[in-house]
Amino acid sequence: MLVITCPTCGKKIVWDDFQPTEIRCSKCGEHLNLHREFKKNIEMRDQADKGRIVRCPRCRGIVNRRWFIRCTHCGYWLFGPFSFHGKWPFILMLALVYLVFSAIYAIYLR
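Residues numbered from 1 in each chain as written. Predicted model: local features only at pLDDT ≥ 70, side-chain atom pairs only at ≥ 80, totals over all residues. Heavy atoms only, no water.

**Q** Could you clarify how one ought to interpret the overall build of the chain in this entry?
**A** What the chain contains, in helices and strands, is two helices and seven strands. Tracing the chain from N to C terminus, the helices and strands come up as β-β-β-β-α-β-β-β-α. Taken against the 2.2 N^0.38 rule, which gives 13 Å for 110 residues, the C-alpha radius of gyration of the chain at 22 Å runs more than 25% over that of a compact globule. Taking the principal axes of its C-alpha atoms as reference, the chain extends roughly 75 × 30 × 15 Å. Relative to its full complement of 110 residues, the chain shows a buried share of 24%. Of the contacts formed within the chain by residues at least 6 apart in sequence, a portion of 13% connects residues at least 24 apart. About 8,700 Å² of surface is accessible on the chain, with carbon and sulfur atoms providing 60% of the total. (Helix = DSSP H or I, 4+ residues; strand = E, 2+ residues; numbered from the N terminus. Rg over C-alpha atoms; globule rule 2.2 N^0.38 Å. Buried < 20%, exposed > 50% of the residue type's maximum accessible area, 1.4 Å probe, protein only. Contact = heavy atoms within 4.5 Å. Areas by Shrake-Rupley, 256 points an atom, 1.4 Å probe, with all protein chains shown as cover.)

Rendered as structure tokens:
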């Protein structure tokens, strides 16, 4: 048995092995992707076997860890409880490194 949530209306549908693989939401008629739900179920089982389930703080998708990884569901970079989109973390890191080296140069080498 597999519980599938409709992405459009949010209705939960229970699927078992005796039903066809082509299913639609009974409320809104949206085509539900059974293979994606199987992948989510497998990911959740893998995380549960490890004893913890780690989720993205932005989209609540399952990720391997929460530090220095890009979420495969929403594409945001995860740094613990914080998430950034695009290249902002790397630009901020370069600016911080530049400031540190400038301070070292100004204090010791000048």
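There's more to say after this.
**Q** Where do I start with the pairing of strand S5 (residues 67-70) in this structure?
**A** In regular strands, side chains alternate between the two faces of the sheet. As judged from the three bridges shared by S5 and strand S6 (residues 77-79), these two strands associate in the antiparallel manner. Each residue of the ladder has a partner; that of Trp 67, found in S6, is Phe 79. (Pairing = 2+ DSSP bridges.)

**Q** What is the right way to look at a nonpolar patch on the surface in this model?
**A** Judged by side-chain polarity, Phe 90, Met 93, Leu 96, Val 97, Val 100, Phe 101, Ile 104, Tyr 105, Ile 107, Tyr 108 and Leu 109 come together as a nonpolar surface patch covering roughly 1,200 Å² of accessible area. Looking at where Val 100 falls in the secondary structure, it is placed in helix H2 (residues 88-109). Note on Val 100: relative accessible area 43%, which makes it partly exposed. (Patch = residues over 30% accessible without salt bridge, like charges linked within 9 Å, V, L, I, M, F, W, Y side chains within 5 Å. Salt bridge = Lys/Arg side-chain N within 4 Å of Asp/Glu carboxyl O.)

**Q** Which parts of the structure should I look at to understand the layout of surface pockets?
**A** Gaps left between atoms show up when a probe the size of a water molecule is rolled over them. If you add up the space inside the largest pocket, you get close to 180 Å³. At the level of secondary structure, the elements contributing two or more residues to the lining of the largest pocket comprise strand S1 (2-5) and helix H1 (34-50). The dominant element in the lining of the largest pocket, judged by the number of residues it contributes, is H1, at four residues. Split into classes, the residues belonging to the lining of the largest pocket amount to three nonpolar, two polar and three charged. (1 Å grid on protein atoms, 1.4 Å probe; cavity = no way out; pocket = protein on both sides within 12 Å on 5 of 7 lines; lining within 4 Å. Points joined across faces, edges and corners; volume = space filled by probe spheres on them. Nonpolar A, V, L, I, M, F, W, Y, C, P; charged D, E, K, R; others polar.)

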